[in-house]
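Spelled out from the first residue to the last, the chains are:
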Amino acid sequence: MATSHAVMGVIRSVMPAFRNSNDKVAFVVHASFVVSGYVLTATGRPAFAHDALSSSTTQSLVGIEGWNEFNEEYAFVYKEPMKGSKNKVKKVLVKCLVMNDKLLVVAIADDAKEPAHLQIEVGNYTNESKEERDYNAQFKNLGKLVTDLKSEILYKLKHVSSTTKSRFETDEELRDYIDPFGYPIDTTMFGAPQNMPDHVEPSHLIQPQLGYQGVPLRPYTPVVIPDYNTYPPVYYYYYC
């Protein structure tokens, strides 16, 4: 679980050399992923490759060498074991871009349709310090920064892709509704059907046309067709 204490523990154990305040915030982003269970598989130049998420070269654990080799932009690729499976992993690409004293963080998983993003005001979380290894003195408001990363990036990566359904999937589920007589009800236009009423007024029943001695002209089966122009819907029984 990402906390300010856990993030600071990662920073102290790795002891990165920061060139500027942007480096400091970008490394907090990385440390937040590490303490949340993600494994770094690429950073720096390999993480900027167009096929970084799908490349087989980003499968193994790597160090942080080259993580800040570019000016004002950072990239990391992580993997996370999928729950219930020893072989399947989810891969995540994280990019950070410096713009007007802000660090723009964008993260997307290989199974997600939309990225998660966060805009960080760098000056709100960093201090100037003459002691290169005194990491406590180089940061301020670290707890808020980690909390924002959890709510806007980490939480969304873990939950949005698993709970969001496509419109196609929803329509397919609605078509599976069956009326009480076994006939499928197409609800594509009207949404989910309401429950059948316990009682239907006689005026709403269309009786079968009778022939000689009251015998129907042809075999008939009642079909229920709801009228969605009324609320609650009125159900008409047609015989055919």
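Residues numbered from 1 in each chain as written. Predicted model: local features only at pLDDT ≥ 70, side-chain atom pairs only at ≥ 80, totals over all residues. Heavy atoms only, no water.

Chemist: Would you mind going over the overall build of the protein chain with me for this structure?
Modeler: Counting its secondary structure elements, the protein chain contains 5 helices and 7 strands. Every one of the 240 residues in the protein chain was classed for burial, and the buried ones make up 35%. Looking at the protein chain alone, contacts between residues at least 24 apart form 54% of all its contacts between residues at least 6 apart. Carbon and sulfur atoms make up 53% of the accessible area of the protein chain, which amounts to about 14900 Å² in all. (Helix = DSSP H or I, 4+ residues; strand = E, 2+ residues; numbered from the N terminus. Buried < 20%, exposed > 50% of the residue type's maximum accessible area, 1.4 Å probe, protein only. Contact = heavy atoms within 4.5 Å. Areas by Shrake-Rupley, 256 points an atom, 1.4 Å probe, with all protein chains shown as cover.)

Chemist: Help me understand the pattern of salt bridges, please; the structure alone is not making it clear to me.
Modeler: A side chain with one charge can pair with a side chain of the opposite charge if their charged atoms come near. Evaluation of the coordinates by the stated rule reveals 7 salt bridges. For Lys 102, the salt bridge is made with Glu 121, and the minimal N-O distance between the two is 3.4 Å. Placement of the pair is Lys 102 in strand E4 (residues 102–109) and Glu 121 in strand E5 (residues 116–121), with a sequence separation of 19 residues. Taking relative accessible area as the criterion, Lys 102 reaches 23% and is therefore assigned partly exposed. By relative accessible area, which is 31% here, Glu 121 ends up partly exposed. Measuring nitrogen to oxygen at the nearest pair gives 3.0 Å for the salt bridge that ties Lys 156 to Glu 152. A residue pair is termed a helical-turn pair when its members lie 3 or 4 positions apart in one helix, as Lys 156 and Glu 152 do in helix H4 (residues 142–163) at 4 residues. It is possible to trace a salt-bridge network through shared partners that takes in Glu 80, Lys 90 and Lys 158. (Salt bridge = Lys/Arg side-chain N within 4 Å of Asp/Glu carboxyl O.)

Chemist: Would you take a moment to explain the sheet that holds strand E1 (residues 39–43) for this structure?
Modeler: Strand pairing in a sheet takes place through backbone hydrogen bonds and is either antiparallel or parallel in direction. The strand order across the open sheet formed by 5 strands is E1-E2-E3-E4-E5, and the pairing between neighbours is antiparallel. With partners counted over all chains shown, the strands left at the sheet margins are E1 and E5, one partner each. With strand direction ignored, the average angle separating the axes of adjacent strands in the sheet is 20°. In terms of strand pairing, strand E3 (residues 89–99) meets E4 through 8 bridges, oriented antiparallel. Within the sheet, the bridge partner assigned to Met 99 lies in E4 and is Lys 102. Contacts from helix H2 (residues 21–35) reach E1, strand E2 (73–81), E3, E4 and E5, with the element oriented near 5° to E2. (Pairing = 2+ DSSP bridges. Axes fitted to C-alpha atoms, helices over the stretch in contact; angles between N-to-C directions.)

Chemist: What's the story with the packing of aromatic side chains in this structure? I'm lost.
Modeler: Given two aromatic rings, their pairing is described by the distance between the two centres and the angle made by the two planes. If you walk through the whole model with that rule in mind, you get 11 aromatic pairs. Taken together, a centroid distance of 6.4 Å and an interplanar angle of 85° make the contact between Phe 18 and Trp 67 edge-to-face. One end of the pair, Phe 18, is in the loop between helix H1 (4–14) and H2; the other, Trp 67, is in the loop between E1 and E2, with 49 residues separating them in the sequence. With 5.3 Å between their ring centres and 85° between their planes, Phe 48 and Phe 70 make a pair best called edge-to-face. Taken together, the positions of Phe 48 in the loop between E1 and E2 and Phe 70 in the loop between E1 and E2 put the pair 22 residues apart, joining distant regions of the chain. By relative accessible area, Phe 48 is classed as partly exposed at 25%. The structure contains a cluster of three or more aromatic residues connected by ring pairs, namely Phe 18, Phe 27, Trp 67, Tyr 74, Tyr 135 and Phe 139. (Phe/Tyr/Trp six-rings, centres within 6.5 Å; stacked < 30°, edge-to-face > 60°.)

Chemist: I'm lost on the packing of H1 against H2 in this one. Help?
Modeler: At a minimum axis separation of 9 Å, H1 and H2 run at an interaxial angle of 110°. Judged by the angle between their axes, H1 and H2 are roughly perpendicular. Taken together, the residues of H2 that come into contact with H1 (itself represented by Ala 6, Val 7, Val 10, Ile 11 and Val 14) are Phe 27, Val 28, Ala 31, Ser 32, Val 34 and Val 35. A breakdown of the residues in the contact of H1 with H2 according to their chemical character gives 10 nonpolar, 1 polar and no charged. (Parallel < 35°, antiparallel > 145°, perpendicular 65-115°, else oblique. Nonpolar A, V, L, I, M, F, W, Y, C, P; charged D, E, K, R; others polar.)

Chemist: Can you help me understand the pairing of E1 in this one?
Modeler: Successive side chains on a regular strand alternate, one facing one side of the sheet and the next facing the other. Burial within E1 is extensive, with 4 of its 5 residues counted as buried. Sheet topology note: the E1/E2 ladder contains 4 bridges and is antiparallel. The residue of E2 that forms the bridge with Ala 42 is Val 77.

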